[in-house]
Each structure stands twice: as C-alpha cells, then as structure tokens.
Amino acid sequence: IQYCSLVGLVALPMTLLMIGGQFDMSLGSQVALTSCVAGMICPASPENLGGVLLAYLLPIVVGAMIGLLNALFITRVHLGAFISTMAMMQALRGVTYLITNGQSKMIGNVVFGFIGRGKFLGIPITMYIFVLFIVVFWVITKHSVLGRRAYLIGGNPVSARLSGIDVPRTLTWLYIILGAITGFAGALTASQLGAAIPSGSEDFGFDVISAVVLGGVAMSGGKGTIPGAVLGVLVLALLDNGLVMLNVSSHWQLVFSGLVLLLAISIDAIRQQASTRLLK
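Criteria and thresholds
Residues numbered from 1 in each chain as written. Predicted model: local features only at pLDDT ≥ 70, side-chain atom pairs only at ≥ 80, totals over all residues. Heavy atoms only, no water. Helix = DSSP H or I, 4+ residues; strand = E, 2+ residues; numbered from the N terminus. Rg over C-alpha atoms; globule rule 2.2 N^0.38 Å. Buried < 20%, exposed > 50% of the residue type's maximum accessible area, 1.4 Å probe, protein only. Contact = heavy atoms within 4.5 Å. Areas by Shrake-Rupley, 256 points an atom, 1.4 Å probe, with all protein chains shown as cover. Lys, Arg positive; Asp, Glu negative; His and termini not counted. Charge placed at Lys NZ, Arg CZ, Asp CG, Glu CD. Axes fitted to C-alpha atoms, helices over the stretch in contact; angles between N-to-C directions. Parallel < 35°, antiparallel > 145°, perpendicular 65-115°, else oblique. Left-handed = near helix turned anticlockwise from the far one by under 90°. Nonpolar A, V, L, I, M, F, W, Y, C, P; charged D, E, K, R; others polar. Core = buried A, V, L, I, M, F, W, Y, C linked by side-chain atoms within 4.5 Å. Phe/Tyr/Trp six-rings, centres within 6.5 Å; stacked < 30°, edge-to-face > 60°.

### Quick look at the overall build of the protein chain
So, point 1. Across its full length, the protein chain holds 12 helices and four strands.
So, point 2. Computed over the C-alpha atoms, the radius of gyration of the protein chain is 19 Å, within 12% of the 19 Å expected from 2.2 N^0.38 for a compact globule of 280 residues.
So, point 3. By the burial criterion, 48% of the 280 residues in the protein chain qualify as buried.
So, point 4. Considering only contacts in the protein chain between residues 6 or more positions apart, those separated by 24 or more positions represent 80%.
So, point 5. When the accessible area of the protein chain is evaluated, it comes to approximately 13,600 Å², of which 71% is carbon and sulfur surface.
So, point 6. Separation between the mean location of the 14 positive side-chain charges and that of the 8 negative ones in the protein chain comes to 13 Å.

In structure tokens form, the structure reads like this:
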C-alpha cells in the first residue's frame, strides 16, 4: 500500500503532463537522487525538526530544478521528450552514484521515518498524502487555467499556440510540478525504507507510466482524467499483490507487468486509429 501511494502520488502530475502530450522517462533516477539527497542531509537527532523539514524540502527543490532542466531541453533546444529524458535518466543516476560514492546510507531519525512508515487509525500516512493530492490535481485538471491549457496543447499544439497559449511556458510548468512531486516522493521513499539507496527505484518510472496508461490517458495527449489514473494505480497494485500472493516468481512478475503495459498501449493505439477513421 505504501509503495502504491508513492507511485500514485507521482502518477498524478505525470497524468497532467501526458495530457499535455509529453512524458518523462527519468522518474526512477529522480527518485533515487532525491532520496539520497534527503538521506545525506537528514540529521541523526530527532529533536532537530528544522533539519528534518529541510530533508523533505530540499528534495522538492532539487526535483523542481530537474523538471525545469528537462523542460528547457524539450521546449527551447527542441529535443524530443523521449531522448531528452532518457539521457537525463542516465545522467541523474550517475550523479546519484557520485554524491554517495555508490554507498547506501541508513537513516535512523524516527521523526523523518514516521512520515513514510507511520500510520494513523491503521492507515499509512502516505495514503492520506496520496488522497490529498488526488483532490488537488483533480481541481487543477478540472478548474484551473493550467489544466485547460494542458488539454488544449495535448489535443492540438498548433491550435493552442494560434489561440494565444504560451505552449513552452505551460509545458515548463508541467515539468516543474512533476519534478517537485517526484522529489517529494524521493524523500518519502527514503523515509519509508529508512535508507538512501543510490541503486534503488529502477522500476519506479515504469510503474508510474504503466499506471497512467492503464488509467486511460492517451499516449498522444489531450485525453485522460485523474480518477482514471487513480484507477490505473489501483489495478497495477492489485496485479502486483495478486502475483505475490500466488507466489509467482519475481521474473514472471516483470513479464506480466510488461505485457499489461503493452496491452494498454495497444488498446490506446487501436482507439486512436478508430477515432481517425471516424473523422475521415
């Protein structure tokens, strides 16, 4: 449930970005880097609340800066989102190993760890955070200028630009928001594991994209909803838990996860082709 909450947390801004016709392949490396940043600055003493707060805030800032950097390469240098964020994924993983010297670090601060591992009324704290952000991003997609512009840009970027929308600026904000939330998820990952692990979160980005696509967000942009993305997160979590309960090998779990994503993308492609034929 706690890992599902973190995947869902990042799936929300990823949904908004994919509605805008973009995506980010570097999420796993972002989580690894920001979790290590949190672990490196988290104080040993639980009484140092300022240090604990900084261990959560600094990863958010670092994540936002990564999002801005991704946006600059895509909107100003005009690189494709796939190649740009793939390159960023490699670079960030390298930076993570450099700043940690490839060594994991245990985090013994109980206050820092409570947010990621603690429970209230038997429900993980991370689940409350996830639900709060569901409401926030539902409001953004339905009742904000940014949300409306994301749909317009994803549907037809040329028409959006001709209608007066600053497309590069809007996409930049979408990447910054995604980066900031991913940084927060990185801090929560360190809190949840009680350690900063530079080699961790390799499958995180894949899980996020799988959940978003399973939730019905179109790969081509312009279509998708927050409730759909949440449903995709829950379906993916049920699939993973079901395979674990059936004692299926972890290698086969990877096979099933890949096939599910391939099926979801295929359904989306077939739906897009059918829509195109109807328009003709």
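Here the narrative resumes, following the displayed structure.
### Focus: the packing of helix α10 (residues 204–214) against helix α11 (residues 226–245)
So, point 1. Taken N-terminus to C-terminus, the directions of α10 and α11 make an angle of 120 degrees; their axes are 7 Å apart at the nearest point. In terms of axis orientation, α10 runs oblique to α11. As for the relative orientation of α10 and α11, their crossing is right-handed in sense. Contact residues: Asp207, Ser210, Ala211 and Leu214 in α10; Ala229, Gly232, Val233, Val235 and Leu236 in α11.
So, point 2. Partitioning the contact of α10 with α11 into residue classes produces six nonpolar, two polar and one charged.

### A closer look at the nonpolar core
So, point 1. Residues Leu9, Met14, Phe112, Phe133, Phe137, Phe204 and Val208 are the most contacted members of the largest nonpolar core, which totals 59 residues.
So, point 2. Among the elements that take part in this core, helix α1 (residues 2–19) stands out by supplying 12 residues, more than any other.
So, point 3. Filtering out sequence-adjacent residues up to four positions away, Phe112 remains in contact with Ala38, Cys42, Val52, Ala55, Tyr56, Ile107, Ala187, Ala190 and Ser191.

### A short note on the packing of aromatic side chains
So, point 1. Applying the stated rule across the entire model yields six aromatic pairs.
So, point 2. Among the aromatic residues, ring-to-ring pairing joins Tyr56, Phe112, Phe133, Phe137 and Phe184 into one connected group.

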